[in-house]
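Structural description and commentary
Read off the chains here:
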Amino acid sequence: MYFKIILGLLLLGFFLPVSAFADDAEDAIENLGWIAVGAGIAANVPFIAMNKIRRYAIKAGGSTVQIGKQIRAIYKPILNFHILLNSIGYFAGMTHGFLFVSNLDSISLSLALVMSVMMASGLMLKYTSTRNSKIFGRLLHGQFGLVILLAALVALHIVVGDD
């Protein structure tokens, strides 16, 4: 438990000083958006890759099953890393959005809604114990279309936000 807290504080201490190097407040707020993007990529790419490799190793059978079992042993720390970085990214992104609320457009609002749905479904997966809520959370959180929508909205937000 203490390891998670210490790791979270270290990561937060690593990401937040990026804003301190900004020339003005608008640059600092913009840097929060980039922190959110970077944290999202760093949290999801290794986690998704690990899950895909593990599933492939188990399905392939033979000697690769042992690889799948070894990956399963490190699943919990990588899941905690995934949750921690996504939480940092979510709150950095939402702070970025609240501070730029005067520039609100439909893309930014859609992005905030999709981010909130993904965060809520992840929390549901982590903290609920009933079978039906786990199934619902897994279905919602693992929707490939929702992930593609999130990535597309981030890309659109960056392109439109630079104007």
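Remember, predicted model here, so these are calculated numbers, not experimental data.

**Quick notes on the overall build of the protein**
Across its full length, the protein holds 8 helices and 0 strands. Ordering the α and β elements of the protein from the N terminus gives α-α-α-α-α-α-α-α. Classification of the 163 residues of the protein by burial places 29% in the buried group. Taking the intrachain contacts of the protein between residues at least 6 apart in sequence as the baseline, contacts between residues at least 24 apart amount to 65%.

**A look at the nonpolar core**
Counting 10 residues, the largest nonpolar core is built from Tyr90, Met94, Ile107, Leu111, Val114, Met115, Met118, Met119, Leu146 and Leu153. When residues of this core are traced back to their parent elements, those giving at least two are α5 (75-99), α6 (106-127) and α8 (144-161). In terms of residue count, α6 provides more of this core than any other element does, 6 residues in total. Setting aside anything within four residues of it in sequence, one finds Met119 in contact with Ser87, Tyr90 and Phe91.

**Some details on a negative patch on the surface**
Together, Asp24, Glu26, Glu30 and Asp162 make up a region of like negative charge exposed at the surface. Here Glu30 lies in helix α3 (residues 25-60). Its relative accessible area of 34% is what places Glu30 among the partly exposed residues.

**Concerning α6**
In a regular helix each residue adds 1.5 Å, so 22 residues correspond to 32 Å; α6 covers 31 Å between its end C-alpha atoms and thus fits that length. Looking at the buried residues of α6, the elements they touch are α5, α7 (131-141) and α8.

**With respect to α5**
Its 25 residues give α5 an end-to-end C-alpha distance of 36 Å, which sits within 8% of 36 Å, the value for a rise of 1.5 Å per residue. If you check which residues of α5 are buried, you get Leu79, Asn80, His82, Leu85, Ser87, Ile88, Gly89, Tyr90, Ala92, Gly93, Met94 and His96.

**Digging into the packing of α5 against α6**
At a minimum axis distance of 11 Å, the contact between α5 and α6 shows a crossing angle of 150°. The two elements α5 and α6 cross, and the hand of that crossing is left-handed. Facing Lys76, Asn80, Ile83, Ser87, Tyr90, Phe91, Gly93 and Met94 of α5, the residues of α6 in contact are Ala112, Met115, Ser116, Met119 and Lys126. Considering only residue class, the contact of α5 with α6 consists of 7 nonpolar, 4 polar and 2 charged.

**Structural notes on a nonpolar patch on the surface**
Residues Val101, Leu104, Leu109 and Leu113 make up a contiguous nonpolar surface patch of about 380 Å² in total accessible area. Tracing the chain through its elements places Val101 in the loop between α5 and α6. With a relative accessible area of 48%, Val101 lands in the partly exposed category.

**Description of the packing of aromatic side chains**
Evaluated as defined, the whole model comprises 2 aromatic pairs. Geometrically, the ring pair formed by Phe47 and Tyr75 is tilted, given 5.9 Å between the ring centres and 40° between the ring planes. With Phe47 in helix α3 and Tyr75 in helix α5, this pair connects stretches of sequence that are 28 residues apart. Residues Tyr90 and Phe91 carry aromatic rings whose centres are separated by 5.2 Å and whose planes lie at 80° to one another, so their mutual orientation is edge-to-face.

**What to know about the environment of Ala151**
Residue placement: Ala151 occurs in helix α8. Separated by 110 residues in sequence, Ala151 and Ile41 have C-alpha atoms that sit 9.9 Å apart.

About the criteria used
Residues numbered from 1 in each chain as written. Predicted model: local features only at pLDDT ≥ 70, side-chain atom pairs only at ≥ 80, totals over all residues. Heavy atoms only, no water. Helix = DSSP H or I, 4+ residues; strand = E, 2+ residues; numbered from the N terminus. Buried < 20%, exposed > 50% of the residue type's maximum accessible area, 1.4 Å probe, protein only. Contact = heavy atoms within 4.5 Å. Core = buried A, V, L, I, M, F, W, Y, C linked by side-chain atoms within 4.5 Å. Patch = residues over 30% accessible without salt bridge, like charges linked within 9 Å, V, L, I, M, F, W, Y side chains within 5 Å. Areas by Shrake-Rupley, 256 points an atom, 1.4 Å probe, with all protein chains shown as cover. Salt bridge = Lys/Arg side-chain N within 4 Å of Asp/Glu carboxyl O. Lys, Arg positive; Asp, Glu negative; His and termini not counted. Charge placed at Lys NZ, Arg CZ, Asp CG, Glu CD. Expected span 1.5 Å × (residues − 1). Axes fitted to C-alpha atoms, helices over the stretch in contact; angles between N-to-C directions. Left-handed = near helix turned anticlockwise from the far one by under 90°. Nonpolar A, V, L, I, M, F, W, Y, C, P; charged D, E, K, R; others polar. Phe/Tyr/Trp six-rings, centres within 6.5 Å; stacked < 30°, edge-to-face > 60°.

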